[in-house]
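Structural features, examined
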Amino acid sequence: MTEQIAEHYERVAATYNDHWTYDPDYVRQLAHAMSDALRLTRSDAIADIGCGTGLYTRHIADDVRPTRPVLCVDPVSAMLDQLPRSPALQPLHASAEDLASGRVALPESAPLDAMIIKESIHHMTDRRGTLEGLVRLLSRHGRILVVMLPTAIHHPLFRAAHERFEELQPDPADIQEIVSAAGLRASVSQRTFHVAIERERYVRMLEARYMSVLGEFSDEELEEGIAQFRRSYRDTPVLRFEDHFAFVKGWVPGRPPA
Ligand SMILES: C[S@@+](CC[C@H](N)C(=O)[O-])C[C@H]1O[C@@H](n2cnc3c(N)ncnc32)[C@H](O)[C@@H]1O
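Let me begin by describing the structure that accompanies this report. (Residues numbered from 1 in each chain as written. Predicted model: local features only at pLDDT ≥ 70, side-chain atom pairs only at ≥ 80, totals over all residues. Heavy atoms only, no water.)

1. Description of helix 1 (residues 3-12)
For helix 1, every residue scored as buried is listed here: I5, A6, H8, Y9 and V12. Along the long axis of helix 1, the arc covered by the buried residues comes to 160°, so they all point the same way. Of the residues in helix 1, the exposed ones pointing more than 90 degrees away from the buried face are E3 and R11. On its buried side, helix 1 packs onto helix 4 (77-80). (Buried < 20%, exposed > 50% of the residue type's maximum accessible area, 1.4 Å probe, protein only. Helix = DSSP H or I, 4+ residues; strand = E, 2+ residues; numbered from the N terminus. Arc of directions from axis to C-beta. Contact = heavy atoms within 4.5 Å.)

Following this line, the structure appears as structure tokens:
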């Protein structure tokens, strides 16, 4: 992880969850879609890699009620500090690369049945090596779910933010190929969530750099981008857009697809 990314998440950690409270169902539905896609069961050993504040992990734990705590892995302590203290969630301060390389061992040193990687794959620099290493930590029932944005998005960002996003975002098809090359059966599908959000609230989210791509801009550039956004949406008090997510699933061959 670069220093810039670490600083970005240290800065946004305290307010990260607030950005998603405009629609309480959004987080719940997306969390449910993830546990459903992985067909999680109570007996699964589950890890959320790049769990952040555990915004989604806590819903998944509530949904599934696994007998062992969900392992919540993140390299930024400020994000992990926001994790609710709960016997259902076990924090682990580490990056995906730390786990994949064995620099940090799994606490129970037992294999994992399910791994969730939601919106953190784009921060991993050696995606092939890291995913290969993570796949080696799976049990014979193992499956993995990478949840990521597609290469182009409908969020009402300003033009430079869209352009930078498109430069940085990996292609879900490439992630599927990497998962498959790591020895898993793999598939990719799409989930769509309809978002309605007040323009002024969205301005506050832009100001708070709610997406990591916004951390790529200086204060002046962000201000200019927000001015451009305001001009584009001056007649739109409520913004409506579709939020598409790619679900890249991988499962150990022989196990029926989730
Ligand atoms: C966009 S946030 C997503 C957090 C959470 N999964 C969610 O959806 O709310 C990205 C998270 O990835 C973490 N991250 C950055 N680099 C990482 C890496 N190399 N390995 C694992 N996590 C990483 C960040 O600290 C941050 O918490």
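Having seen the structure, we can now continue with the description.
2. Brief notes about empty space enclosed by the protein
Per the stated rule, a full pass over the model turns up one cavity of 30 Å³ or more. As a volume, the largest cavity reaches approximately 50 Å³. As for the largest cavity, its lining consists of W20, Y22, Y26, H155, V195, I197, Y202, M205, Y210, F241 and D243. Counting only elements with at least two residues in the lining of the largest cavity, the list comes to strand 6 (185-198), helix 9 (199-207) and strand 7 (238-251). (1 Å grid on protein atoms, 1.4 Å probe; cavity = no way out; pocket = protein on both sides within 12 Å on 5 of 7 lines; lining within 4 Å. Points joined across faces, edges and corners; volume = space filled by probe spheres on them.)

3. Observations regarding the layout of surface pockets
Which parts of space are left empty comes out when a probe the size of a water molecule is rolled across the atoms. Estimates place the volume of the largest pocket at around 970 Å³. Forming the boundary of the largest pocket are 48 residues, of which Y9, E119, H122, H123 and S212 lie nearest the centre. For the lining of the largest pocket, the secondary-structure elements that each account for two or more residues are helix 1, helix 2 (24-37), strand 1 (46-49), strand 2 (70-74), helix 5 (96-101), helix 7 (159-168) and strand 7. By residue class, the composition of the lining of the largest pocket is 26 nonpolar, 13 polar and nine charged. Lining of the second largest pocket is provided by 13 residues; of these, A45, P69, Q90, E108 and L112 occupy positions nearest its centre. Along the lines of polarity and charge, the residues of the lining of the second largest pocket split into nine nonpolar, two polar and two charged. (Nonpolar A, V, L, I, M, F, W, Y, C, P; charged D, E, K, R; others polar.)

4. Thoughts on the pairing of strand 7
A large share of strand 7 lies buried, amounting to 11 of its 14 residues. Bridging between strand 5 (residues 138-148) and strand 7 involves six bridges; their strand directions are antiparallel. Counted as the bridge partner of L145 is K249 from strand 7. Alignment of strand 6 against strand 7, held across 14 bridges, turns out to be antiparallel. The residue bridging V195 from the neighbouring strand is F241, located in strand 7. (Pairing = 2+ DSSP bridges.)

5. Examining the state of the cysteines
Counted according to the given criterion, the structure contains zero disulfides. With no disulfide of its own, C51 lies closest to C72 among cysteine sulfurs, the gap being 4.7 Å. For C51, a relative accessible area of 9% gives the class buried. In this structure C72 comes out as buried when scored by relative accessible area, which is 0%. (Disulfide = S-S within 2.5 Å.)

6. A closer look at the pairing of strand 5
Among the 11 residues of strand 5, nine are classified as buried, and the element is accordingly described as predominantly covered. Two elements, strand 4 (residues 112-118) and strand 5, share six bridges in a ladder whose sense is parallel. Along strand 5, the bridge assignment pairs I116 with L145. For the handedness criterion, the β-α-β arrangement of strand 4, helix 6 (residues 127-135) and strand 5 is classed as right-handed. (Right-handed = clockwise from strand over helix to strand, strands pointing away.)

These results come straight from atomic positions and should not be treated as a statement about function.
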